[in-house]
Amino acid sequence: MDVGRVDPHDEPAVAALVGRLRALRGMLEEHAAHEDRWVEPLLAELRADIAESLKVDHARIDSAIPSLETAFTRWEEAPEDERVAMGRMAYGALSSFVGAYLNHMAREEDEAMPVLQAAMTDEQLLQVSAQLRGAIPPPRMAQYVSIMLPAMNVEERTQMFAGLKANAPREVLDGMCELASGVLASSDWSAVRTRVGL
Ligand SMILES: [Fe+2]
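Remember, it's a predicted structure, so these values are computed and weren't measured experimentally. (Residues numbered from 1 in each chain as written. Predicted model: local features only at pLDDT ≥ 70, side-chain atom pairs only at ≥ 80, totals over all residues. Heavy atoms only, no water.)

(A) Here's a closer look at the nonpolar core. The biggest cluster of nonpolar side chains holds 30 residues, and the ones touching the most others in it are L43, V145, L149, F161, A180 and W189. Mapped by element, the contributors of at least two residues to this core are α2 (11–46), α3 (48–77), α4 (83–119), α5 (122–134), α6 (138–151), α7 (154–167), α8 (170–183) and α9 (186–196). Of the residues forming this core, the biggest block, 5 residues, is contributed by α8. For W189, the contacting residues outside a window of four places in its chain are F161, C177, A180, S181, L184 and L198. (Core = buried A, V, L, I, M, F, W, Y, C linked by side-chain atoms within 4.5 Å. Buried < 20%, exposed > 50% of the residue type's maximum accessible area, 1.4 Å probe, protein only. Helix = DSSP H or I, 4+ residues; strand = E, 2+ residues; numbered from the N terminus. Contact = heavy atoms within 4.5 Å.)

(B) Fine view of the pattern of salt bridges. A complete count under the given rule lists 14 salt bridges for this structure. The partner of R22 in a salt bridge is E76, with the nearest N and O atoms 3.9 Å apart. Separated by 54 residues along the polypeptide, R22 in helix α2 and E76 in helix α3 bring together distant segments of the chain. Connected via shared salt-bridge partners are R22, R25, E29, E69 and E76. (Salt bridge = Lys/Arg side-chain N within 4 Å of Asp/Glu carboxyl O.)

(C) Broad picture of the coordination of the iron ion. Within the protein, E35 (OE), H58 (NE2), H104 (NE2) and E108 (OE) serve as the donor atoms for the iron ion, at 2.0 to 2.2 Å. Relative to the metal, the 4 donor atoms surrounding the iron ion lie at angles of 80 to 160°, and the coordination shape comes out irregular. As a motif over one chain, the donors of the iron ion read E-x22-H-x45-H-x3-E. Residue H58 is found in helix α3, and its partner E108 is found in helix α4; the two are separated by 50 residues along the sequence. You'll find H58 and E108 in the same group, each marked buried. (Donors = N, O, S within 2.8 Å, 3.2 Å for Na, K, Ca; no water. Tetrahedral: all angles 85-135°; square planar, octahedral: opposite > 155°, others 65-115°.)

(D) Geometry of empty space enclosed by the protein. According to the stated counting rule, one finds 2 cavities of 30 Å³ or more in the structure shown. Approximately 70 Å³ is the volume found for the largest cavity. L28, H31, A32, E35, H58, I61, D62, I65, Y101, H104 and E108 together form the lining of the largest cavity. For the lining of the largest cavity, the secondary-structure elements that each account for two or more residues are α2, α3 and α4. In the lining of the largest cavity, the residues fall into 5 nonpolar, 3 polar and 3 charged. Empty space within the second largest cavity amounts to approximately 50 Å³. Forming the boundary of the second largest cavity are L21, R22, L24, R25, L28, I65, L68 and E69. Those elements that provide at least two residues to the lining of the second largest cavity are α2 and α3. Counting residues per element, the lining of the second largest cavity draws most heavily on α2, which supplies 5 residues. (1 Å grid on protein atoms, 1.4 Å probe; cavity = no way out; pocket = protein on both sides within 12 Å on 5 of 7 lines; lining within 4 Å. Points joined across faces, edges and corners; volume = space filled by probe spheres on them. Nonpolar A, V, L, I, M, F, W, Y, C, P; charged D, E, K, R; others polar.)

(E) Main features of the domain arrangement of the protein. Segmentation of the protein into domains returns domain 1 (2–126) and domain 2 (138–196). Once you take the C-alpha centre of each, domain 1 and domain 2 turn out to be 24 Å apart. Contact between domain 1 and domain 2 buries roughly 420 Å² in total, counting both sides, with carbon and sulfur atoms accounting for 57%. Taken together, domain 1 and domain 2 are joined by 1 salt bridge. Note that E30 is salt-bridged to R140, the shortest N-O span being 3.1 Å. Inspection of the region where domain 1 meets domain 2 yields 3 residue pairs in polar contact (both at pLDDT 80 or more). Split by residue class, the side of domain 1 that touches domain 2 holds 1 nonpolar, 3 polar and 1 charged. (Domains from an automatic or database assignment. Buried area = accessible area lost by both parts, 1.4 Å probe. Polar contact = N/O pair within 3.5 Å; in protein donor to acceptor, adjacent residues only side chain to side chain.)

What follows is the structure, given as structure tokens:
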């Protein structure tokens, strides 16, 4: 939405969007590497065909990311009389990418997750999730969480903070609360605080 509504001539605003795209690229590539390391081997043992076809998806996504970034760089560097057209191309490239990416994640949820859930207990799956999250350094985790929190509903936010309250060191909980108060509307954050008792 931000890419669609930005003034294509507004250089600082376009540069800020390109910065966000680059940060997102880093996270997407890291996320795919985490899946390949922690999830793919489990799935490959249970359903090699699904694992293989998701791997093909990952390769396709990986190869689409550089041209997406190129479309944005061209827009950023375009002369005045080409900025509208370049902005439209960048928007189109992003829309196609997001469409393919959402489709990929739906396949992971609909095809891969039921296989894992049928073969493993919730505790085993939580352990995999904890190992994966443990491999992410705290400043990086803060970047993920600042994107994830606004996209969650109140139940999911409550679960996350209840878990932190029960298990995380005090300074981690405090840091996450500060982060949440920065990225959520104050009424949304106070709803979580009330439910969790923070
Ligand atoms: Fe994936």
